[in-house]
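Read off the chains here:
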Amino acid sequence: MTKSISIFAIIVVMLIREVLETEKDDYDRQVNHPLQSWAWGDFRQKTGVKVIRLGSFEGKNLLSGFQLTIHPVPQTNYTIGYFPKGPLPDLPMLETLEKIGKSESCLFIKLEPNIFPNEQTDQFLKNNHCREGRPLFTRYTFQTDLTQSEDQLLALMKEKTRYNVKLAQKAGVSVFEDNSDGAFQNYLKLTFETTKRQKFFAHDRKYHELMWQTLRAANIAHLLTATYQGKTLVTWILFLFNGALYYPYGASSSENREVMASNLMMWEAMRWGKAHEVKTFDLWGALGPNPNPKDPWYGFHRFKEGYGGQLVEFIGSYDLVIQTYLYPLYNLADKLRWSYLKLRSHLPFS
């Protein structure tokens, strides 16, 4: 008598569903950028923006998480979805995003994956209803490996930058972490002073306050202050998340610029990151490999470049198009709007 043996194949079913509040800690362990953190989603909800958090699950195990925000298009019944710094969407995720886009009346969902360029990835997105779009987050940034020693980090700096760091130290500039209400008010004061002086756009006071309150409570946001002779000259907000440090917000006074407080601030931020066992310091944006000296961000780019970090490139911005016929009309209106804002920023008394 022959004994028959049955072989059963176990099929693992992947499920994409909303992530629950009770799964918050698991979610944060899976995502790899502050803009995908649970706290960032909470902050955006407080500003009145709709946040959708989803996860890929195998049974009860969360394998990956991602969140997007939904923004109304003024004077219309349409919206735009924004999915910043998440993973590369696979086909099931793109299908899920497309369903969300239709249910939320999105013209498109802007994807800005936190991954490096790849021809196959580019073609995959273009083959699945995605088009290259206007970036909201910069395509390039400088990243520094903070696992190196302080001597190694100093050696990577440009000579002029290293000189300015030492100059600030000799002048008596002091840099320290201060997360008090008073320090945050100094940050706001210098932020609006800086934006007015340099003529660039910035979020309003309420946005900064809600961001700080929410991300500080989650131990993501930290405020560094640089002082000289009792005056606050520079304030930076740093994000610390999953072993990486980020420099998203900074402001400076027009006083005592000769003591190079901003140069010492960057160096002390690097040392602060090392003390917190950070592996990577991301400077949150840069121009490309051949920057135009006439670009308004050129000086900021050169400042960051002086610290010897690696210029890295991300895949860029892609729009998952939902409303095929309205999408080009929106792009035209958006282009005209930005042209107007740019012109207005250069007008006297604007």
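These numbers come from a predicted model, not from an experiment.

S.K.: Hey, could you go over the overall build of the chain for me, with residue numbers and the actual values?
M.R.: Looking only at helices and strands, the chain features 11 helices and 14 strands. Taken over the C-alpha trace, the chain has a radius of gyration of 23 Å; the compact-globule value for 350 residues is 20 Å, and the two agree within 12%. Here the chain, with 350 residues, has 46% of them falling under the buried criterion. Per element, the accessible surface of the chain, about 19600 Å² overall, is 53% carbon and sulfur. Between the mean site of the 41 positive side-chain charges and the mean site of the 36 negative ones, the chain shows a separation of 5 Å.

S.K.: Would you mind going over the packing of aromatic side chains in detail, with residue names and values included?
M.R.: Per the counting criterion, the structure on display carries 19 aromatic pairs. Members of the aromatic cluster, joined through ring pairs, are W40, F43, F137, Y207, F239, Y246, Y249 and W284. When the ring centre of F57 is taken as origin, the NZ or CZ atom of R17, which lies over that ring, is 3.7 Å away. The ring of W38 has R53 sitting right over it, with the charged end atom 3.8 Å from the ring centre.

S.K.: I'd like a description of the sheet that holds strand β5 (residues 106-112), backed by residues and values.
M.R.: One open sheet holds the 7 strands; their spatial order is β1-β2-β3-β4-β5-β14-β6, and the pairing between them is mixed. Edge positions in the sheet fall to β1 (14-18) and β6 (130-132), since each of these pairs with one other strand and no more. Within this sheet the neighbouring strands show an average axis-to-axis angle of 25°, counted without direction. Sheet analysis places β5 next to strand β14 (residues 318-321), joined by 4 bridges and oriented antiparallel. Each residue of the ladder has a partner; that of F108, found in β14, is V321. Those strands touched by helix α3 (residues 91-103) are β1, β2 (50-58), β3 (61-72), β4 (79-84), β5, β6 and β14, and its axis lies near 145° from that of β5. Packing against the sheet, helix α4 (residues 119-126) makes contact with β5, β6 and β14, and its axis sits at approximately 120° to β6.

S.K.: Please provide a residue-by-residue account of the pairing of β5, values included.
M.R.: Burial within β5 is extensive, with 7 of its 7 residues counted as buried. The parallel pair β4 and β5 is bridged by α3, and the resulting crossover is right-handed.

Basis of the calculations
Residues numbered from 1 in each chain as written. Predicted model: local features only at pLDDT ≥ 70, side-chain atom pairs only at ≥ 80, totals over all residues. Heavy atoms only, no water. Helix = DSSP H or I, 4+ residues; strand = E, 2+ residues; numbered from the N terminus. Rg over C-alpha atoms; globule rule 2.2 N^0.38 Å. Buried < 20%, exposed > 50% of the residue type's maximum accessible area, 1.4 Å probe, protein only. Areas by Shrake-Rupley, 256 points an atom, 1.4 Å probe, with all protein chains shown as cover. Lys, Arg positive; Asp, Glu negative; His and termini not counted. Charge placed at Lys NZ, Arg CZ, Asp CG, Glu CD. Phe/Tyr/Trp six-rings, centres within 6.5 Å; stacked < 30°, edge-to-face > 60°. Lys NZ or Arg CZ within 6 Å of the ring centre and 35° of its normal. Pairing = 2+ DSSP bridges. Axes fitted to C-alpha atoms, helices over the stretch in contact; angles between N-to-C directions. Contact = heavy atoms within 4.5 Å. Right-handed = clockwise from strand over helix to strand, strands pointing away.

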